[in-house]
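# Residue-level structure breakdown
Each chain, letter by letter, is given below.
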Amino acid sequence: MKRSSKVVTALTLSAGLALTACAPTAETGTGAEGGDAAKTVNVGIVYSKTGPLAAYGDAYYEGLQAGLDYATEGTNKVGDTELNITYHDDGGDPDKAVTVAKELIGKDYKILAGTASSGIALKLVEQAAQNKVLYISGPAASDAITGTNKYTFRSGRQSMQDVATAGTFVDDLKDKKVTVFAQDNAFGQGNLAAVDAILGMEGAKVSSILVPEDVTEFTPFARQLVDAKPDLVFAAWAGATSGSMWQALDQQGAFDVAPIVTGLGDVATYGAFGDAGEKISFLNHYFPGAAGTEVEKAMISSIEEADKEVDLFSPDGFVAGQMIAQAVAEGGDDVEKMVTSLEGWSFEGPKGETTVRASDHALIQNMYQVSLSKDGEKWIPELVETVPGEEVAPPEVVN
């Protein structure tokens, strides 16, 4: 679907704008400030235009433009209600994001959305609860976002859905040996806890090999993994040593022992696995073309017509656009009605049928098993299997 020139022009980001601690500036979307309050709903998008997660922020932003265009049929209006959308750079800084959120709330913004940072999202969750505004988090994967309060929703997946997808590489997890191979830091320990909680609940016997962060020689740890003879390996690794780690696993024959599963990230990371890339079993939230749905095709077309690339978190932005439109269509400018309109809502998103679980607002969606193959110097993702959303739904949060 082609974006209307009106929406594209109005939502174009202006260069050089920055947020300050005292008076955050905004990149303003289509709707006019003020006007008939009953015919305008203010929406503030807080996302990483700059900072360490800027690539994720860009994918979210472009997906959001496509989603808004799709959900409003290019009008930037829901019925007779104009969406006044402004864009704000969190820069990866939670304090900056909170400052922005407070100022927007003070200006009668009814909806906040965005951010790929879990730390920032959890701060905005607090603002949503305290001020009774609708908050729709973006790619931030923290499980703690789900079920926190009635005003918080999410437009992407959460970590438990990743872990549950990893478990689908084994037919029956009962009594299977699952080894978590990870760095001995908060990231690795968090993944270990998630695997223990999710796959352990299915009967798996979970153990770990946690590698100190300062290690640069991975052969002994790869050997330890081989000697453990697991049925499944969940690898959680990030940073500059990734290539060396995967090379060591490959050289020690770890891929001959058991499936080694890790997450497939954004397009820029496809080559980070080296030659091991063709041997890894990837769990995946999304890659371009994964779903093959008509909605996905509309998303891809819209983003490509804007001369941008579809990536890992494009659906998170697109779904946010759909959720914003649904909330306003059913709730107008009444936040309580917006919340009710989203609870239990099922719709066709770019990844297929998507449902907002009424009890805790988890977003139930399909996930993917994926392989990588090399074509010249380029790595190409290929769909192995679509994992139905209900099969990898996170445990329900009960407050």
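Let me sum up the structure you'll find in this document. As a convention, each chain's residues are numbered from 1 in the sequence order in which they are written. In keeping with the predicted nature of the model, local features appear solely for residues at pLDDT of at least 70, side-chain atom pairs appear and are counted solely at 80 or more, and the whole-chain, interface and lining totals rest on all residues. Computation of side-chain values: all heavy atoms of the structure, hydrogens and water removed.

## Points about a positive patch on the surface
Put simply, the test is: Patch criteria: residues need more than 30% relative accessible area and no salt bridge. Like-charged residues are merged within 9 Å; nonpolar side chains of Val, Leu, Ile, Met, Phe, Trp and Tyr are merged within 5 Å. Using a 1.4 Å probe, the Shrake-Rupley method yields the accessible areas, and only the shown protein chains count as cover for residues. Each salt bridge in this description consists of a side-chain nitrogen of Lys or Arg and a carboxyl oxygen of Asp or Glu lying within 4 Å of one another. Asp and Glu are treated as the negative residues and Lys and Arg as the positive ones, with His and the ends of the chain left uncounted. By convention, charge coordinates are those of NZ in Lys, CZ in Arg, CG in Asp, or CD in Glu. Starting at the N terminus, helices and strands are each numbered in turn, a helix being any DSSP run of H or I of at least four residues and a strand any DSSP run of E of at least two. Burial here depends on accessible area, computed with a 1.4 Å probe over protein chains only, as a share of the maximum for the residue type. Under 20% is buried, over 50% is exposed, and the range in between is partly exposed.
A cluster of like positive charges, contributed by Lys174, Lys177, Lys205 and Lys229, occupies part of the molecular surface. Relative to the assigned elements, lysine 205 resides in strand 9 (residues 205–211). With relative accessibility at 52%, the residue lysine 205 sits in the exposed group.

## Describing the packing of aromatic side chains
Quick reminder of the rule: Any two of the Phe, Tyr and Trp rings considered here, Trp counted by its six-membered ring, make a pair once their centres fall within 6.5 Å; the pair's planes then place it as stacked at under 30 degrees, edge-to-face at over 60, or tilted in between.
Enumeration over the complete set of coordinates arrives at 11 aromatic pairs. Between tyrosine 47 and tyrosine 87, the aromatic rings sit 6.4 Å apart at their centres with planes inclined by 85 degrees, giving edge-to-face as the arrangement. Taken as a pair, tyrosine 47 in strand 2 (residues 40–47) and tyrosine 87 in strand 4 (residues 81–89) lie far apart in primary sequence, 40 residues in all. Across the pair, exposure class does not vary: tyrosine 47 and tyrosine 87 are buried alike. Judged by centre distance (4.9 Å) and plane angle (85 degrees), the ring pair of tyrosine 56 and phenylalanine 313 falls under edge-to-face. Of this pair, tyrosine 56 sits in helix 2 (residues 54–71) while phenylalanine 313 sits in the loop between helix 9 (294–305) and helix 10 (314–331); the two residues are 257 residues apart in sequence, bridging distant segments of the chain. One aromatic cluster is present, formed by Trp246, Phe255, Phe273 and Phe282 through successive ring pairs.

## Focus on the sheet that holds strand 17 (residues 378–387)
Defined as follows: Strands are treated as partners if at least two bridges between them are detected by DSSP. Helix axes are fitted to C-alpha atoms over the stretch in contact, other axes to C-alpha atoms as well, and angles between N-to-C directions run from 0 to 180 degrees. Contacts are residue-level and defined by heavy atoms, with any inter-residue pair within 4.5 Å sufficient.
Pairing within the open sheet is mixed, and its 7 strands lie in the order 9-8-10-11-12-16-17. Of all strands in the sheet, those with a lone pairing partner are strand 9 and strand 17, marking the two edges. Strand-to-strand twist of the sheet, defined as the mean angle between neighbouring strand axes without regard to direction, takes the value 30 degrees. Of the strand pairs in this sheet, strand 8 (residues 177–183) and strand 9 are connected by 7 bridges, and their pairing is parallel. Across the sheet, residue glutamine 183 finds its bridge partner in strand 9, namely valine 211. Across the sheet, helix 7 (residues 219–228) lies against strand 8, strand 9 and strand 10 (232–236), angled at about 170 degrees from strand 8, the strand it touches most. The strands that helix 8 (residues 242–251) touches are strand 8, strand 10 and strand 11 (260–263); relative to strand 11, the one it contacts most, it runs at about 165 degrees.

## Looking at the sheet that holds strand 13 (residues 346–349)
With respect to topology, 3 strands assemble into an open sheet ordered 13-14-15, the strand pairing being antiparallel. Two strands close off the open sheet at either side, each with one partner strand: strand 13 and strand 15 (363–364). Its contacts with the sheet put helix 10 on strand 13, strand 14 (352–356) and strand 15, and the angle it makes with strand 13 is roughly 140 degrees.

## Quick notes on the side chain of threonine 165
Just so we agree on the cut-off: Polar contacts, as counted here, are pairs of nitrogen or oxygen atoms within 3.5 Å of one another; within protein the pair requires one atom able to donate a hydrogen and one able to accept it, and residues that are adjacent in sequence qualify only if both atoms are side-chain atoms.
Position of threonine 165 relative to the elements: it lies in helix 5 (residues 159–167). Polar contacts involving the side chain of threonine 165 include one to the main-chain carbonyl oxygen of glutamine 161, which spans 2.7 Å. For threonine 165, the residues in contact, after removing those within four places along its chain, are Leu283, Met367, Tyr368, Val387 and Val392.

By themselves, these observations are geometric and do not establish any function.
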